[in-house]
Every structure is written in C-alpha cells, then in structure tokens.
Amino acid sequence: MIRDIEEKDREIFIAMCEEFYSSTAVSHSVPKSHFERTFEVVTHNSPYYKGYMLEYEGKTVGYGLVQLSYSNEAGGMQMFLEELYIREGYRNKGLGKEFFERVYASRDDVVRYRLEVTAVNERAISLYKRLGYENLDYVQMIKDVDKDPQ
C-alpha cells in the first residue's frame, strides 16, 4: 500500500533516509538535518513537494519523494521522482510499480516524469526501463550553498 506521509512517520522516515543515504543507491552522504527539514516540508502541504510511505503487510517498508515544477523543455509540468527507497527483503514485491502508479494518478497535468539513478543500482534501472524510462545524455552538476541553519 502507498499512502501520504503523516506526522506519525517522522522516526521511521528519518531512519529509512539514513539507510538510503548509506547505501550504494546514492553517491554521497547527507546530514540528518536535511531529512528532518524534508519531513517538515512534506508534512505541511507543500504544493511542490510530496512524500509517500510504502507499506507491506502492515509494516512501513519504504518511502518516496517527488517534486513538481514547470519545464520549458517538456512544455508543461514535470514531476521529478527524487527518491524511492524500499527496504531489503521487501523489494520485488510490486511496491515500486505500485508507487509509480500512485504518483502517475496523483496529477493529470504532468507531461514529463524524470528521475535519477546511480549506474550501479541495476535493480532500479531495470524497473525504470520496464516502466518506460529512457536514459538522457546529460551530465548532471550541482552547486551547494551552505545555508544550514545550525
């Protein structure tokens, strides 16, 4: 089952973020304070950022984060599927596909879905390709600005 994230999910959400960011699915670590701020955003009805919890047989076993923006390149609203994490032992049970179906049904004005994945995350790449995603020939770059309120 995929459901909206709720205030009661704080502890498990942060724990799973820590698991995700210490796995090979990502290329760098992230401070816990970022997870805490993200939780605040997704539980306070942001029109641009949404969080979901994934449940299997009554257990919370994953989370997903999506963000919405307008894309000139796509000519409309774009949804960036920022993170999808499913705990080991609950993968290959259809939760990833169910997550995407829920996200696709959440808005009818989206003209492009976009995501990123590390090259070593072969399981995720396989799922994304089965769902119709294609590789883009872009080099992704970032510039962080230190504005941590701590």
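Please refer to the structure placed before this passage.
In this text the structure is predicted, and so the values were computed from the model without any measurement.

Explanation requested: the nonpolar core in the structure shown.
One recurring pattern in soluble globular proteins: nonpolar side chains tend to sit buried together. Counting 19 residues, the largest nonpolar core has Phe99 and Phe100 as the members making the most contacts within it. At the level of elements, strand S2 (49-56), strand S3 (59-71), strand S4 (76-86), helix H3 (95-106) and helix H4 (122-130) are the ones that each hand at least two residues to this core. Once residues within four sequence positions are removed from consideration, Phe100 is found in contact with Leu81, Leu84, Leu115, Leu127, Tyr128, Leu131 and Tyr133.

How should I be thinking about the packing of aromatic side chains in this particular structure?
Any aromatic ring pair is given by two values, namely how distant the centres are and how the planes are angled relative to each other. Per the stated rule, a full pass over the model turns up 15 aromatic pairs. By the ring-pair criterion, three or more aromatic residues cluster together here, those being Phe13, Phe20, Tyr21, Phe35, Phe39, Tyr63 and Tyr85.

Teacher, can you tell me more about unusual backbone geometry here?
The phi torsion of most residues other than glycine is negative, and most of the peptide bonds are trans. You will see that Asn45, though not glycine, has its phi angle at about 55 degrees, which is positive. Classification of Asn45 by relative accessible area gives exposed; the value is 72%. Located in the positive-phi region is Glu57, a residue other than glycine, with phi close to 50 degrees. On the secondary structure map, Glu57 appears in the loop between S2 and S3.

Would you explain the pattern of salt bridges in this entry?
Oppositely charged side chains are able to pair whenever their charged atoms sit close together. The final tally for this structure, using the stated rule, is 14 salt bridges. Of the charged contacts, one joins Asp4 and Lys50 as a salt bridge, the two residues approaching to 3.0 Å between their closest N and O atoms. Separated by 46 residues along the polypeptide, Asp4 in strand S1 (residues 2-4) and Lys50 in strand S2 bring together distant segments of the chain. Among the salt bridges present, the one from Arg112 reaches Glu73, with a minimum N-O distance of 3.0 Å. Remark: Glu73 occurs in the loop between S3 and S4 and Arg112 occurs in strand S5 (residues 110-115); sequence separation between them is 39 residues. One network of salt bridges, with partners in common, ties together Arg3, Glu6, Lys8, Asp9 and Glu55.

Here is what the cut-offs are and how they apply
- For every chain, the first residue of its written sequence is number 1, and the numbers climb from 1 along that sequence.
- Note on the predicted model: pLDDT of at least 70 is required for a residue's local features to be given, and 80 or more for side-chain atom pairs to be given and counted; whole-chain, interface and lining totals, by contrast, use all residues.
- Neither water nor hydrogens contribute to the side-chain values; these are computed over all heavy atoms in the structure.
- Nonpolar core, defined: a set of buried Ala, Val, Leu, Ile, Met, Phe, Trp, Tyr and Cys residues in which side-chain atoms within 4.5 Å join the residues together.
- Think of it in three bands: with a 1.4 Å probe and only protein chains considered, a residue is buried below 20% of the maximum accessible area for its type, exposed above 50%, and partly exposed in between.
- Secondary structure elements are defined from DSSP: runs of H or I of at least 4 residues count as helices, runs of E of at least 2 residues count as strands, and each element is numbered from the N terminus.
- Here, two residues are considered to be in contact whenever any of their heavy atoms come within 4.5 Å of each other.
- A pair of aromatic rings is counted whenever rings of Phe, Tyr or Trp (Trp by its six-membered ring) have centres within 6.5 Å, and the orientation is called stacked for planes under 30 degrees apart, edge-to-face for over 60 and tilted otherwise.
- Salt bridges are counted wherever a side-chain nitrogen of Lys or Arg sits within 4 Å of a carboxyl oxygen of Asp or Glu.

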